[in-house]
Amino acid sequence: MSLPASLTAAVVVLLGTTQASLAQNNSQSSLPEGAGEALVENACTACHGVSTIKRSAGYSSPEEWRRVFSTMIDLQDEQATRVANYLAQHFPEDPGRRPTLVPGNVDIEITEWTTPTLGQRTRDPIEAPDGSIWWTGMWASLVGKLNPNTGEMKEYNLPPSARPHSIVPDEDGNIWYTGNSNATIGKLNPDTGNITEYETQAKDPHSAVFHPNGNLYFTAQHAAMLGRLDPETGVLKEVNTEARPYGIKVDSNGTVWIAYNGTNKIGAMNPNTMEVRYYNLPDKRTRVRRLDLDSQGNVWYVNSTRGKIGRLNPDTGAITEWDSPSGTDSHPYALAVIDDIIWYNESGMRPDAIVRFDPKAETFQSWAIPSGVGIIRNVWVTEEENLLIHQSSTNQVGLVRIN
């Protein structure tokens, strides 16, 4: 039900559709019949299909539904009430999607902020050198800045076709973004607002990371390519790779690690030659979205399709996997290693759950995320070793303080 600001006018037109047009929409609708059906279809499908609603885990009360869609679209009170009542009646909570929460002795504190532009699909927060938190508003082609001490936020518009997927800061505080829809790597200077773009051969730059050598390395999922940009010269080099490269990290030796979401592999790329050594993971159904490294050089990854997390020892090739607490449908997604403790989320659950795994004790602990609906797609470890999260469907950026 996301609605970028650029689509506001379209929704106003849709909500003012004539009764005859609404009747025609009713006859073609795949939504259940009922009061509010046409309004839901017209308001929501300005940004996404009906299938998105039907696939949702649902909510049992109008209040819960209204809380969610109010972060996506601004409706008049009477319209919002009709939409909320209709959704609660026809799309109640699916109890089977509740996470299995594991108690433990670690305390965390989760703070969430709602970003200003509705329907922007807030995602992939990072911490800049000055301690500010930044995020991308992918559907609204913007990046935003949050002062976590005051809650003050500011948004910066990018080229309308950019639709930035991920961002990373450089040492000078510039914000680099992957232009997922306009085939660019972009740099925003927050002080001046100036934007510099570098055109890529790959059509969909996805995730990026800075290397100690000063270069920016990135994945392009649908193009099945890996790229390297020299910020000093603007020179780009891109190479073909296995299907759907996704997450990307650099280890202490400078090796660039690649997660693959289209095959059961993890890649280790030489930063100079850009040659990739591939490690095969158990079961051909395995798909990896994100990964990270521990102090011993082990690669930790989420086995998204099989509800597991795993550890690869690059020296021996040994692989060990553990079942996530909520089972095979938990869909682990984002992952980070903090002091050799593994933190990740179960994106297939409602609410989305944060999970802590201690490899030495082989024990889990998990917590429900307060907003709990938007799927954490990436996380970032702050200088104070806390965790930045987000909920894209409800435009939330969050800070997990680990006590």
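So, how was this worked out
- Residues numbered from 1 in each chain as written.
- Predicted model: local features only at pLDDT ≥ 70, side-chain atom pairs only at ≥ 80, totals over all residues.
- Heavy atoms only, no water.
- Helix = DSSP H or I, 4+ residues; strand = E, 2+ residues; numbered from the N terminus.
- Rg over C-alpha atoms; globule rule 2.2 N^0.38 Å.
- Buried < 20%, exposed > 50% of the residue type's maximum accessible area, 1.4 Å probe, protein only.
- Contact = heavy atoms within 4.5 Å.
- Areas by Shrake-Rupley, 256 points an atom, 1.4 Å probe, with all protein chains shown as cover.
- Lys, Arg positive; Asp, Glu negative; His and termini not counted.
- Charge placed at Lys NZ, Arg CZ, Asp CG, Glu CD.
- Patch = residues over 30% accessible without salt bridge, like charges linked within 9 Å, V, L, I, M, F, W, Y side chains within 5 Å.
- Salt bridge = Lys/Arg side-chain N within 4 Å of Asp/Glu carboxyl O.
- Arc of directions from axis to C-beta.
- Phe/Tyr/Trp six-rings, centres within 6.5 Å; stacked < 30°, edge-to-face > 60°.
- Lys NZ or Arg CZ within 6 Å of the ring centre and 35° of its normal.
- Axes fitted to C-alpha atoms, helices over the stretch in contact; angles between N-to-C directions.
- Parallel < 35°, antiparallel > 145°, perpendicular 65-115°, else oblique.
- Left-handed = near helix turned anticlockwise from the far one by under 90°.
- Nonpolar A, V, L, I, M, F, W, Y, C, P; charged D, E, K, R; others polar.
- Core = buried A, V, L, I, M, F, W, Y, C linked by side-chain atoms within 4.5 Å.
- Pairing = 2+ DSSP bridges.
- Disulfide = S-S within 2.5 Å.

A. Spotlight on the overall build of the protein. Across its full length, the protein holds six helices and 28 strands. A compact globule built from 403 residues would reach a C-alpha radius of gyration of about 22 Å, and the protein, at 21 Å, matches this within 12%. Principal-axis analysis of the C-alpha atoms places the extent of the protein at approximately 65 × 50 × 45 Å. Looking at the protein as a whole, 55% of its 403 residues qualify as buried. If you take every contact in the protein between residues at least 6 apart in sequence, the share linking residues at least 24 apart comes to 46%. Approximately 17100 Å² of the protein is accessible, and the part contributed by carbon and sulfur atoms is 44%. Once the 33 positive and 47 negative side-chain charges of the protein are each reduced to a mean point, those two points are 7 Å apart.

B. Just a negative patch on the surface, in detail. Together, Asp-339, Glu-383, Glu-384 and Glu-385 make up a negatively charged patch on the protein surface. Tracing the sequence through the fold places Glu-383 in the loop between strand 26 (380-381) and strand 27 (387-391).

C. Molecular detail of helix 5 (residues 62-69). Every buried residue belonging to helix 5 is among Trp-65, Val-68 and Phe-69, and all of these are buried. The arc that holds the buried residues of helix 5, viewed along the axis, is 85 degrees, so those residues lie on one side. Packed against the buried residues of helix 5 are helix 6 (77-90).

D. Region of the structure containing helix 3 (residues 37-44). Extensive coverage of helix 3 is indicated by the burial of eight of its eight residues. Among the residues of helix 3, those classed as buried are Glu-37, Ala-38, Leu-39, Val-40, Glu-41, Asn-42, Ala-43 and Cys-44.

E. A look at the packing of aromatic side chains. Tallied over the entire structure, the rule returns twelve aromatic pairs. On the basis of an interplanar angle of 40 degrees and a centroid distance of 4.6 Å, the ring pair of Phe-357 and Phe-364 is categorised as tilted. Ring-pair connections join several aromatic residues into one group, and the members of that group are Trp-300, Trp-322, Phe-357 and Phe-364. The residue whose ring lies beneath Arg-121 is Trp-139, and the NZ or CZ to ring-centre distance is 4.8 Å.

F. Fine view of the packing of helix 5 against helix 6. In the contact formed by helix 5 and helix 6, the axes pass within 8 Å of each other and the chain directions differ by 120 degrees. Considering their axes alone, helix 5 and helix 6 lie oblique with respect to each other. Relative to helix 6, the crossing made by helix 5 is right-handed. Here Pro-62, Trp-65, Arg-66 and Phe-69 of helix 5 come into contact with helix 6, specifically with Asp-77, Ala-80, Thr-81, Val-83, Ala-84, Asn-85, Leu-87 and Ala-88. Across the contact of helix 5 with helix 6, the residue classes tally to eight nonpolar, two polar and two charged.

G. Looking closely at the environment of Lys-249. Note that Lys-249 resides in strand 14 (residues 245-250). On the basis of relative accessibility, which here comes to 27%, the residue Lys-249 falls in the partly exposed class. Along the primary structure Lys-249 and Leu-158 are separated by 91 residues, whereas in three dimensions their C-alpha atoms are 25 Å apart.

H. Summary view of the nonpolar core. Counting residues in hydrophobic clusters, the biggest one holds 22 residues, and the most contacted among them are Val-40, Phe-69, Val-83, Leu-87 and Phe-91. Those elements that provide at least two residues to this core are helix 3, helix 4 (50-55), helix 5 and helix 6. The element contributing the most residues to this core is helix 6, with six residues. Within the second largest apolar cluster, 15 residues are counted, among which are Ile-338, Ile-341, Leu-387 and Val-400.

I. Quick peek at the pairing of strand 28 (residues 396-402). Taken across its seven residues, strand 28 has five buried, putting it largely inside the fold. The sheet contact formed by strand 27 and strand 28 spans five bridges and is antiparallel. Opposite Leu-387, over in strand 28, you have Val-400 as the bridge partner. In textbook terms, the turn of a hairpin is the stretch between consecutive antiparallel strands, and for strand 27 and strand 28 this stretch comprises four residues, one of which, Asn-395, has a positive phi near 55 degrees.

J. Looking closely at the state of the cysteines. Inspection of every chain in the model, using the stated rule, returns zero disulfides. For the unlinked cysteine Cys-44, the closest cysteine sulfur is that of Cys-47, found at 9.1 Å. A residue is classified by how much of its surface remains accessible, and Cys-44, at 3% relative accessible area, is buried.

K. Up close: the sheet that holds strand 7 (residues 175-179). In spatial order, the strands read 6-7-8-9; together these four strands make up an open sheet with antiparallel pairing. Each having just a single partner strand, strand 6 (164-169) and strand 9 (195-199) make up the two edges of the open sheet. Between one strand axis and the next, the sheet turns through 20 degrees on average, direction left out of account. Both strand 6 and strand 7 contribute to a ladder of four bridges, which runs antiparallel.

L. View of the pairing of strand 17 (residues 276-280). Here strand 16 (residues 265-269) pairs with strand 17 via five bridges, running antiparallel. Pairing of Ile-266 across the sheet is with Tyr-279, part of strand 17. Between strand 16 and strand 17, which follow one another and run antiparallel, lie six residues, and Met-274 among them has a positive phi close to 65 degrees.

Shape is all these values report; function is a separate question.
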